[in-house]
Amino acid sequence: MRARRLFLGQLAALSLAACDKKPSASGAPAAASSSPATPRRPSGELVLFAWSEYVPAEVIDGFTRETGVKVKYEAYSSNEEMLTKLLAGGAAYDLLQPSEYMVEALSKKGKLARIDAARIPNRRHLLPEYLGLPHDPRDEWGVPYMAGTVGIAVNTEKVKQPIAGFNDVFTPKHKGRIVVVSDAREIVSWAMATLGIDANDVSAQTLAKVKPVLERWLPLVKVFDSDSPKSAMLNGDCDLGVVFSGEAAALIQADKKYSYVLPSEGAHRFVDYLCIPAGAKNPDAAHAFIDHVLRPEVSRLISDKFPYTNPNADARKLLSKEALDNPASYPKSPGKLGTFRDIGKAAADVDRLVTELRAKLR
Amino acid sequence: MSAGARSWGAGAASRVVLSLLSLHAAVLVALPLVVLFAYAFADRDELGDVIARPSTEAVRRALSPLYLGVLARSLGAAAAVTAVCVAFAIPVAWTIAAAPPRWGRRLSLLVIVPFFTGVLVRAYALMTLLAADGWVAALLRALGLGGDSLGLLYTPGAAMTGLVFVYFPMAVIPIQASLARLDPGLLDAALDLGATPVRAFVHVALPALRPGVVAAITLTFLPAIGMFAVVDLLGGGRAPLVGSVIASALGGGRDWPFGAALGAVLVTLFALFTFTAAARAVAGRAEAS
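Only a predicted model underlies this, so the values are computations on that prediction, with no experimental measurement involved. (Residues numbered from 1 in each chain as written. Chains lettered and ligands numbered in written order. Predicted model: local features only at pLDDT ≥ 70, side-chain atom pairs only at ≥ 80, totals over all residues.)

Student: Even after reading the chapter, I still don't get the overall build of chain B, so can you show me in this structure?
Tutor: A tally of helices and strands in chain B yields 12 helices and two strands. Seen in sequence order, chain B has helices and strands lined up from the N terminus as α-β-β-α-α-α-α-α-α-α-α-α-α-α. Against the compact-globule benchmark of 19 Å for 289 residues, chain B has a radius of gyration of 24 Å, which places it well outside the compact range. Overall, the C-alpha framework of chain B stretches about 75 × 70 × 35 Å when taken along its three principal axes. Across the 289 residues in chain B, those meeting the buried criterion constitute 30%. Residue pairs in contact within chain B that sit at least 24 positions apart in sequence constitute 68% of those at least 6 positions apart. (Helix = DSSP H or I, 4+ residues; strand = E, 2+ residues; numbered from the N terminus. Rg over C-alpha atoms; globule rule 2.2 N^0.38 Å. Buried ≥ 20, exposed ≤ 12 C-beta atoms within 10 Å, placed from the backbone. Contact = placed C-beta atoms within 7 Å.)

If you want it as structure tokens, here you go:
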């Protein structure tokens, strides 16, 4: 669903980060961040089931160096793919990386183990706005990893008039120049935003209102691609994209002619979590890994490689000015941002609506 | 005595091979088919797990006019891809067969070389060629053809080109194999006896090529119907073919019964296609004898 294939251009920054081991700036004892708060030492092997290209090798290698725990990184490219493999039950995972609505769906079904907050002292580095979100009000089931938005990427050399929202993108004038992520829930939420309907208010009635909007919009779209939507813009085939912010951030890094706009009608913010599945074989190592990732100097490595929005306040202090100024990673005026909730069986109705509208395209 | 021992050994060997093949067919073909058809008539829960409650909803949806239209479009695309592949494969195979053995081997290696890389790598390679700022567009522009926006990539034509690119070797190899069995003396005889080259080709070469062409069509047409990755990458995923619909039903849609129902429809079509072809082959042989 979310594309994690980004440029390797930020590698230079990593060599600097590797020797940066000063204690965090929050004034807490340094010991708390360098040794686990629990007497149980992690050992053995950790099976990490995460988005492809979303956990830098430096982070994994650093964890193995410090703890001796070997990490097996298995990758997926959508929440639903992860769910399918988790439910199939063929493999035993110790850590998952679902987005917020999937955390909710999994916890409702008893597929997650509770996070033991006492063993994650580094959680204090997180920004309060990423805690207590509606899908998990008590932060029992996951710890935020990275976040981002879905917004509009514009090639300002080709598109001269200002683009403020979805209604400016989906006009007949832009027919054949638009790329969008191939994700039914996303696409439907954009139409809902222009209609003033909450993205989580999915019902037969709201979908009936969405349908005529999408009937106008979808024929204008040239490319549906979730894996690397920026490619269609980079190679000149599309000038407008509704894409994940990390993709837009990479476009802006490549060329300043690209800009990123959060739609005025309201945009979707996603938060990806680290969660421990129920029945994980090595919860000790899983807790240790989560705490490791939350260490500011480690979390900063993730931002360097994958310019999504870092929810870690103290890691942000370590980022370059250029990284913090990238409007796709850190929007100046975010406006209306909402997260997705689990909508249960209605997810299939959403998928059906978009699939059937696309099947009618020529 | 020794002949008897040899035939006993051969018999045992073939029994072993036969039982292994049957096991393979039972475990990897029959069993999945049973699951496929069972899922097609099952229901699912909130998370998309298949549950053992009979339902015909998925099958009815798969057979609705909308998805029959998608299926028809997929069959049409696969047929066009197959036609192009076979039309080009015959002269290529012929050239390889007619070349001196040393060159023939080199040429067949060239046909096989694409298999050294993955299908997706080849699709991405085509994408860079066909992109708006790619080589093909640059070449056409240099020749004064096409304007500023050629729009080669992300079109049905690009998707078809990708499929031809992927399946072309599958068409060449069996045709080449059946050409190898064609006695060149027969063609010489036809020409000596006054047949025009076209006539010699149609009456002597084509009948010999037939099994190869049938194999080429099967190896190209059937997989091309279900291919989705290449089609989505090069075609822009705009109007999905049946393979993409199945992939999204099993993935993002988390609707396994529907994916299974579409799969069941396809398998039924494949079976009909194969049985009809086999029945015609048997009838043809009976006629010939």
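Student: Could you clarify how one ought to interpret the domain arrangement of chain A in this entry?
Tutor: Note on interface size: it is often stated as the accessible area lost on association of the parts. Residue and element names in this part refer to chain A. Split by domain assignment, chain A resolves into domain 1 (11-147 + 272-320) and domain 2 (148-269 + 328-359). Taken together, the contact between domain 1 and domain 2 spans 15 residues of the former and 13 residues of the latter. Considering each element in turn, the side of domain 1 that touches domain 2 owes the most residues, five residues, to helix H5 (residues 100-108). When the residues that make up the side of domain 1 that touches domain 2 are grouped by side-chain class, the tally is nine nonpolar, three polar and three charged. (Domains from an automatic or database assignment. Nonpolar A, V, L, I, M, F, W, Y, C, P; charged D, E, K, R; others polar.)

Student: Looking at this model, I keep getting lost on the sheet that holds strand E1 (residues 45-51) of chain A. Mind explaining?
Tutor: Backbone-to-backbone hydrogen bonds join strands into a sheet, with any given pair of strands oriented parallel or antiparallel. All names here are of chain A. Taken in spatial order, the three strands of this open sheet run E2-E1-E3, and their pairing is parallel. With partners counted over all chains shown, the strands left at the sheet margins are strand E2 (70-76) and strand E3 (95-96), one partner each. Both E1 and E2 contribute to a ladder of seven bridges, which runs parallel. By the bridge assignment, Phe 49 is partnered in E2 with Glu 74. (Pairing = 2+ DSSP bridges.)

Student: Is there a simple way to explain the nonpolar core in this structure?
Tutor: By size, the foremost hydrophobic cluster in this structure holds 165 residues, and its most contacted members are A:Leu95, B:Ala89, B:Ala171, B:Leu234 and B:Leu262. The leading source of residues in this core is helix H3 (residues 65-98) of chain B, at 12 residues. If near-sequence neighbours (up to four positions away) are discounted, A:Leu95 is found in contact with A:Leu46, A:Leu48, A:Phe49, A:Leu274, A:Ile276, A:Ala286 and A:Phe289. (Core = buried A, V, L, I, M, F, W, Y, C linked by C-beta atoms within 7 Å.)

Student: Just checking my understanding: could you explain helix H5 (residues 119-130) of chain B for this structure?
Tutor: Since one α-helical turn is 3.6 residues long, residues separated by three or four positions face the same way. All names here are of chain B. When the terminal C-alpha atoms of H5 are compared, their 16 Å separation across 12 residues agrees well with the 16 Å that a helix rising 1.5 Å per residue should span. Among the residues of H5, Ala 123, Leu 126, Met 127 and Leu 130 are the ones counted as buried. All buried residues of H5 project into a common sector of 105 degrees when viewed along the axis, lining one side. Among the structural elements, helix H6 (135-142), helix H7 (156-180) and helix H10 (229-235) are those in contact with the buried residues of H5. (Expected span 1.5 Å × (residues − 1). Arc of directions from axis to C-beta.)

Student: Please clarify how the domain arrangement of chain B should be interpreted in this entry.
Tutor: All names here are of chain B. By domain assignment, chain B separates into domain 1 (1-40) and domain 2 (56-288). The interface is formed by five residues belonging to domain 1 together with nine residues belonging to domain 2. Each residue belonging to the side of domain 1 that touches domain 2 can be placed in one class, and the counts come to five nonpolar, no polar and no charged.

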